[in-house]
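# Analysis of the macromolecular model
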Amino acid sequence: MEYENAIELRHVTKRFGSVVANSDISLTVRKGEILSILGENGSGKTTLMNMLSGIYSPDEGSILIRGKEAVIRSPKDSFALGIGMIHQHFKLIPVLSAAENIILGLPGAQRLNMALLTQEIGALAETYGFELNPAQKIYNMSVSQKQTVEIVKVLYRGAEVLILDEPTAVLTPQETQKLFDVLRNMKRAGKSIIIITHKLREVLELSDRVAVLRKGAYIGTVETAEASASSLTEMMVGERISLDICRDEPQTPEKRIEMRGVTCRDKEGVAVLKDVSFTAYGGEILGIAGIAGSGQKELLESIAGLQETENGEILYFSPEGTVEKLSGMKSSEISNLHISLAFVPEDRLGMGLVGSMDLTDNMMLRSYQESRGFFADRKKPRKLAMDIVEQLAVATPGVDTPVRRLSGGNVQKVLLGREIASNPTVLLVAYPVRGLDINSSYTIYHLLNEQKKKGVAVICVGEDLDVLLELCDRIMVLAGGKVTGTADARTITKEEVGLMMSDSGRRALGHG
Amino acid sequence: MELILIFLQKAIAQGICILFGASGEIITEKSGNLNLGIPGIMYMGGIGGLMGAFFYEQSTAEPVGLVGLLISMLATLLISALGGLIFSFLTVSLRANQNVVGLALTTFGIGFGNFFGGSISKLAGGVGQISVAVTADAYRAKIPGLSQIPVVGDLLFSYGFLTYLSVAIAILLTFLLKRTRKGLNLRAVGESPATADAAGISVAAYKYVSTVAGAAVAGLGGLYFVMEYLGGTWTNNGFGDRGWLAIALVILSIWNPARAIWGSFLFGGLYILYIYLPGLTRATQELCGMLPYVVTIVVLIFTSRRNNLESQPPASLGEAYFREDR
Amino acid sequence: MAEETTQTAGGPFFRVVKRSGISTPRAWLIRLAAVCCGLIVCALIIVAITKQNPLSVYAGIIDGAVGTNRRLWVTIRESLVLLIIAVGLTPAFKMRFWNIGAEGQVLMGGMAAAALMIYLGNTMPNWLLLMLILLASMAAGMIWGLMPAVFKACYGTNETLFTLMLNYVAIQIVNFCIVFWENPSGSNTVGIINSSTSKGWLPELFGLTYGWNVVIVMAVTLLMYIYMKHSKQGYEISVVGESQNTAKYVGINIKKVIIRTMMISGAICGLAGAIIVSGGSHTISTSTGGGRGFTAIIVAWMSKFNPLVMLLVSAFLVFMQKGAIQIASQYGLNENASDIITGILLFFLIGSEFFINYKLELRGTKRGTK
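Conventions adopted
- What you see as residue numbers is a count from 1 along each chain, following the sequence as written.
- Chains and ligands are labelled sequentially in the order written, the chains with letters from A and the ligands with numbers from 1.
- Side-chain atom pairs in this predicted model are given and counted only at pLDDT of 80 or more, local residue features only at pLDDT of at least 70, and totals for whole chains, interfaces and linings cover all residues.
- Where helices and strands are cited, they refer to DSSP runs of H or I of at least four residues and of E of at least two residues respectively, numbered from the N terminus.
- Put simply, the radius of gyration uses C-alpha atoms, and a globule should come to 2.2 Å times the residue count raised to 0.38.
- Each residue is classed by its C-beta neighbour count within 10 Å, where at least 20 other C-beta atoms makes it buried, 12 or fewer makes it exposed, and intermediate counts make it partly exposed; the C-beta atoms are placed from backbone geometry.
- Any residue pair is listed as a contact if its two C-beta atoms, each placed from the backbone, are within 7 Å.
- As used throughout, a nonpolar core is a set of buried Ala, Val, Leu, Ile, Met, Phe, Trp, Tyr and Cys residues joined through C-beta atoms within 7 Å of each other.
- Residue polarity follows a fixed list, in which Ala, Val, Leu, Ile, Met, Phe, Trp, Tyr, Cys and Pro are nonpolar, Asp, Glu, Lys and Arg are charged, and the others, Gly among them, are polar.
- Confidence scores per residue from the predictor, reported as pLDDT, run from 0 to 100.

## With respect to the overall build of chain B
A tally of helices and strands in chain B yields 14 helices and zero strands. Taken from N to C terminus, the helices and strands of chain B fall in the order α-α-α-α-α-α-α-α-α-α-α-α-α-α. Since a compact globule built from 326 residues should have a radius of gyration of about 20 Å, the 20 Å found for chain B is in line with a globular shape. Overall, the C-alpha framework of chain B stretches about 60 × 50 × 40 Å when taken along its three principal axes. Scored against the burial criterion, the 326 residues of chain B give a buried share of 57%. Sequence-distant contacts in chain B: of pairs separated by 6 or more residues, those separated by 24 or more amount to 79%.

Written out as structure tokens, the structure is:
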């Protein structure tokens, strides 16, 4: 009980290949406090915390737990040190009950006395004010109940430090309030709590101190009492960085896609797009900003005919002047109408390409149905593959190499190259430069700008605001499945976009 | 009345070897291993026990039934566990495909059984048809006293001890799966090996132990067949498709050994129903023979349609788990 | 990131490292080594039982498999049957659909062939009858492949267990038919069908008894190779098998592909049944499949669906089986020795795939320093 800092990180650095995910980060977590780790997507928050939970180990620097230097090699080591992390994706077994999930893998009497264990777990949950029925099966639970199970599981294993990764991302405002109440109870009981988040309002409401990360670097820690939404936003987004992406004025923009009041739901029936309306024009790049999971994926997939929509309609205005209703159509039906939609999805190797197939066969994905007759034409795709390799300088031993063996940047060039090759009128791209090095990124910016010049309507989902602000003509912000604003990318500031993404986003959620 | 009694008795007798096989396969599948080698393993278990008893009875002038029983049982457990070990080694350690290994093991096991069943007497110096009467009698011994009670005795107490052992094992396994920590961990391994691994459970160890133990239990089904059902002898391919029926029974019982007890009697009944149903021609008798399989298919379709999570196969069934793939 | 976690797998003394790629000759060297190990183990067992010089035992195997013209042709005929079933299974497996039901599909095809031989044997010219037989057997196999496919496509019903169960339904159907077809009556076997007229038998070709078998099987193998490698449908099968997500993304109708592919797979297995019945045994029984539906699964999987490799593996397995049957009779053992030998060889071959995909590294030798 003599120690003051539950956790201390000293000069921690973590690299993945050439990418530095965390550089020289030093921060402390006090006993009995709630510390928020604030940062945009890709700022290295989760990587940092994964080093505490034993998923990664740091390349440089040291970690002190309760004043003593510790080496955390595995999740087991992390448990033993009293650290419990609640991930965004819950690790629970649906057919087992909450209590069974909680005691999984723990030592103890061979014979299970479920009644006693249920009581024990129930009592533990009650001390902190959780509402939990330990006998309930996981598959019968809501997302917030599952989260409760994860937290209780960690507490039952004797965790002194709890790390929660974006805990409110999946919760309703009421559930969020309940969670905050129990977190405060836990703090009173002397536990240290770390919350990874990018929601300013929650940070201000809940935490004692805030540590801010930006692009893998540690910016600083401030007492919440001395912070405000604008001061935190400033720390989080930093100065606007000039990227020198050459951007032309849109030439005679033409209406291409119009979405009117579209709502859609995910598999669990949760609304992921709520009454979304917007227009995309040919000859401009429309950027979609928002925190991860705000409905960006569904927005693109509903246009591409891969996501069923509930209300509203999606209209396509062809260059010839005809109008087609895309909503309610499958992707194959859309391509049968000779509407050339190109789509570069977020999951490049799991959706856009087939990792085990070579470049030629991956080119065929789009074109094989065009050739007449029974046989697939491999000559044209092969030619296309060779052209792409040459024009985009794809580093590959040849067009017969499985794309899985290529580096991330080259995979993206292959994918984008194929999509552009179909001469689309609409180009949908999701996170086009994620994980790419600088040179590859500029190749991609250049390709997108070329398409814009050709009069293609480009819709680009991105996470790096600097890029979006310099690449796009207009920016639309999504938060919690709703459109919270659309602005001219040339004039809006980064802070304004940041605020639309987080705070007003939460307000939108509150109404929804 | 008499006929119904005999039918029930025979149905139970038919069901027991299927029950052993199903219990063993359930415990195996609960770890996520789909062992299609079970039919072969049951052949191996059967011939193993027979050989153990045979060599014992050959080696001594006055064989004692109980000794023969113990030796043959030990031989069965060892040989069938070896089958499970081959399966685990290839699928867990060498990461081979489960279906492929299972089918190869069945080819091997059936050949193993028929080969030694057919040549054992020759190998031992030509004693003609093998028979281990003394040991088989020990297996067939009924419960004294109780089996004399009319009707109830015939129905409940007229079997050798393996019958009761099979039911006891099924109940024990159900208890193990549902009421113990190890059972809970095992279910977790079969449902989501990655989650189990993260919780500090050794996935490979659980897969090995449950597969080897499951194979040993299944082997007892073969032992039951040669000792109690055939009376201590061997006929090539006599065991027939009972091994596959055991796998079918796993589905019918929805991965619950206790439910497999009733299921095995039902399957045993369906298996011999054609003999007892009046008015059947030979042709319709054969159609009757497909009943167990048709029933299983219907159950399979029904469970997949119902989408009820509780009655699904273990979620990782048939899939390999390697940590670096996480 | 992947490397990070690899360190923990493999046990205390060594770790398992996935090979990024292996040269083809090297992979074959590993397989060859596995076969040799398997043969040595088999030899040890055979010697332990027969107490003969292992070399003379292997000479006996060769003699049994290809020693006489007749034996050679039986070995070829059986290899072809194994090959065509494996070819039939290829599209299903390429789609990651576990068709364990080849045995049943073969039986249904064989049954259809036998039925036509029995009922239409004297009503039409032989060539027309043979055409009908081939078509009917394909249709019968197709139906048997269609059922699990429809339920898999619509409800996600587990195809491994479904196709497995259908095998035994097929066996009972054959038993049912035997009741009507038995000859002589009371024997419970069908006997040689049309033994005097040879109606519905595949005739000789180029003076070879099994000439047509060779032509049909080779043609089907070639067509399947072209279908898988060069047709649009074959391409769709690969995409569905590799990534259903991608298939959806490019607008492939996954249900349609599953059903269509299983119809093809079932039809070829059904055709294999006709080749067994019309082109070989001229009778039907529950052992017409003879477990080859299962062995072919292993053949197809081990060959990675390469037709040439499939031919080699089929021939090798049949060669060993036929040889083992010969030595068994030579030394007064029973013929099931062949299954034991097949099993052992399969274990070694299956196990060898691990050493092709992974390599073991001793722990303690730090990466980079060595």
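## Quick notes on the nonpolar core
Counting residues in each nonpolar core, the largest one holds 373 residues, and the members touching the most others are A:L428, C:I84, C:I85 and C:I297. Looking at this core, the element that brings in the most residues is helix α10 (residues 203-229) of chain B, giving 15 residues. Beyond its immediate sequence surroundings of up to four residues, A:L428 is in contact with A:L300, A:I303, A:A304, A:L341, A:A342, A:F343, A:V344 and A:I459.

## Comments concerning the interface of chain C and chain B
The interface is formed by 48 residues belonging to chain C together with 47 residues belonging to chain B. Going through the elements one at a time, α1 (2-6), α6 (126-155), α7 (159-181), α12 (292-302) and α14 (337-357) of chain C are the ones with two or more residues in the side of chain C that touches chain B. Residue contributions to the side of chain C that touches chain B peak at 13 residues, all from α14(C). By residue class, the composition of the side of chain C that touches chain B is 28 nonpolar, 18 polar and two charged.

## Overview of the interface of chain B and chain A
Often, the extent of an interface is quoted as the loss of accessible area upon association of its parts. With 17 residues of chain B at the interface, the matching set in chain A holds 15 residues. Contributing elements (two or more residues each) for the side of chain B that touches chain A: α8 (181-191) and α9 (193-198) of chain B. If you tally residues by element for the side of chain B that touches chain A, the top one is α8(B), at six residues.

## Examining the confidence of the model for chain A
All names here are of chain A. Residue-level pLDDT values for chain A average 85, and 96% of them are 70 or greater. Per-element averaging of pLDDT across chain A places helix α17 (residues 494-511) at the bottom with 60 and strand β18 (residues 457-461) at the top with 93. Considering only residues more than four positions removed or in separate chains, one finds that residues 504-512, a stretch of pLDDT under 50, has 18 contacts.

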